[in-house]
Amino acid sequence: MWTSVELRELRVFLVLAEELHFGRAAERLHLTHSRVSQSVASLEAKLGGRLFERTSRRVTLTQLGETLRTQIAPTIQQIQSALSDVAEQAHGIAGPVRLGLYSRVAAGPNLIKTVRTFEVRHPNCPVQFVDVGLNMEQFDWLRRGDLDLLIMRMPLSDPDFVVGPVLSLEERVLVLARDHPLANHESVSVEDLADYTTIDVEGAPREAMDNLSPPVSPSGRPIRRTYIRSLEQAALRAATGELVVPTVHAFLASYPQPELTSVPIPDLPPAETALVRLKSCRSRKVLAFVEVAEEVARARRS
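Now for a quick tour of the structure. (Residues numbered from 1 in each chain as written. Predicted model: local features only at pLDDT ≥ 70, side-chain atom pairs only at ≥ 80, totals over all residues. Heavy atoms only, no water.)

## Observations regarding the packing of aromatic side chains
Phase 1: Inspection of the entire model under this criterion finds four aromatic pairs.
Phase 2: An angle of 70 degrees between the planes, with centres 5.1 Å apart, marks the rings of F118 and F289 as edge-to-face. Placement of F118 in helix α5 (residues 111–121) and of F289 in helix α11 (residues 284–301) is noted, with a sequence separation of 171 residues between them. Across the pair, exposure class does not vary: F118 and F289 are buried alike. (Phe/Tyr/Trp six-rings, centres within 6.5 Å; stacked < 30°, edge-to-face > 60°. Helix = DSSP H or I, 4+ residues; strand = E, 2+ residues; numbered from the N terminus. Buried < 20%, exposed > 50% of the residue type's maximum accessible area, 1.4 Å probe, protein only.)

## Remarks on the side chain of R172
Phase 1: Of note, R172 is situated in strand β7 (residues 172–177).
Phase 2: Salt bridges are absent for the buried R172, whose nearest opposite-charge side chain, E171, sits at 8.3 Å.
Phase 3: Polar side-chain contacts of R172 include one of 2.5 Å to the backbone oxygen of L212.
Phase 4: The contact partners of R172, leaving out residues within four places of it in the chain, are N211, L212, S213, T247, V248, P264, I265, L268, P269, P270 and A271. (Lys, Arg positive; Asp, Glu negative; His and termini not counted. Salt bridge = Lys/Arg side-chain N within 4 Å of Asp/Glu carboxyl O. Polar contact = N/O pair within 3.5 Å; in protein donor to acceptor, adjacent residues only side chain to side chain. Contact = heavy atoms within 4.5 Å.)

## Quick word on the layout of surface pockets
Phase 1: If you add up the space inside the second largest pocket, you get close to 490 Å³.
Phase 2: Lining the second largest pocket we find 15 residues, and of these E27, R28, V130, W141 and D146 sit closest to its centre.
Phase 3: Listed by contribution, the elements that provide at least two residues to the lining of the second largest pocket are α1 (7–19), α2 (22–29) and β4 (127–131).
Phase 4: Counting residues per element, the lining of the second largest pocket draws most heavily on α2, which supplies three residues. (1 Å grid on protein atoms, 1.4 Å probe; cavity = no way out; pocket = protein on both sides within 12 Å on 5 of 7 lines; lining within 4 Å. Points joined across faces, edges and corners; volume = space filled by probe spheres on them.)

## Description of the sheet that holds β7
Phase 1: Taking strand neighbours across the sheet as the criterion, the three strands line up as β10-β7-β11 in an open arrangement whose pairing is antiparallel. In this open sheet, the two strands that pair with only one neighbour each are β10 (245–248) and β11 (260–264). When the angles between neighbouring strand axes are averaged without regard to direction, this sheet yields 40 degrees.
Phase 2: When β7 meets β10, the two strands line up antiparallel, connected through four bridges. Pairing of R172 across the sheet is with V248, part of β10. (Pairing = 2+ DSSP bridges. Axes fitted to C-alpha atoms, helices over the stretch in contact; angles between N-to-C directions.)

If you want it as structure tokens, here you go:
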């Protein structure tokens, strides 16, 4: 019965194999929990074996499921890419552009103008913002085809991706409580940070995270960093004086707290935000969005 397996069943299988959670898989696929379960059961019946072990607490891949995932994942990605290419050739530049963003702080001042300009120029291509959160799977959203583009802090040197254009360059500030010892300074240095606790994000790319929140001072002193699960949490913990947040001015606008203020960090370079896409991406709508982003950024610099 394997010859009757459908592409949608394989798509459901792959998403569940990544999430190992029926609820999260259903949310990603825009299906109900029961539809995901039915699709998996149908696929298992057609292949003649169990692909997942299910208990009340967890979902895991069986050896058969792991074999299937390993062998079909690259092929399904190629099929989806080919179908997208053909559809674009048939209908022109059309369909949503899925743009991943871990926080509105990273959006920069050019993003809204870029989106509006793109949608006016390509009315059949609405831009959909996707919250990817602060976790280690941000780049996996691109790899598995759930996003077209990702907005990320730089630097990034992963060879799988194309970086650019740069969307924003923003001056660096330290966000801290108004009664903090550094709050009345005209500016602070990276050396000053070694006396306090700053932030870290466990799953963030190390090179970008270390650029945003340095792990050591210029003299080699370690800077204590504590893990945060969201930027809102960072704002609240900074307001209590527990930590300080190396960031950009947009942080206070996005996560306002009356107890917070900011002080410039002039010895840190401007924070750079850029679009990121898969090197293998050939989508005309994605390349059209990149072109508009380049135009808007160029106009702002001139």
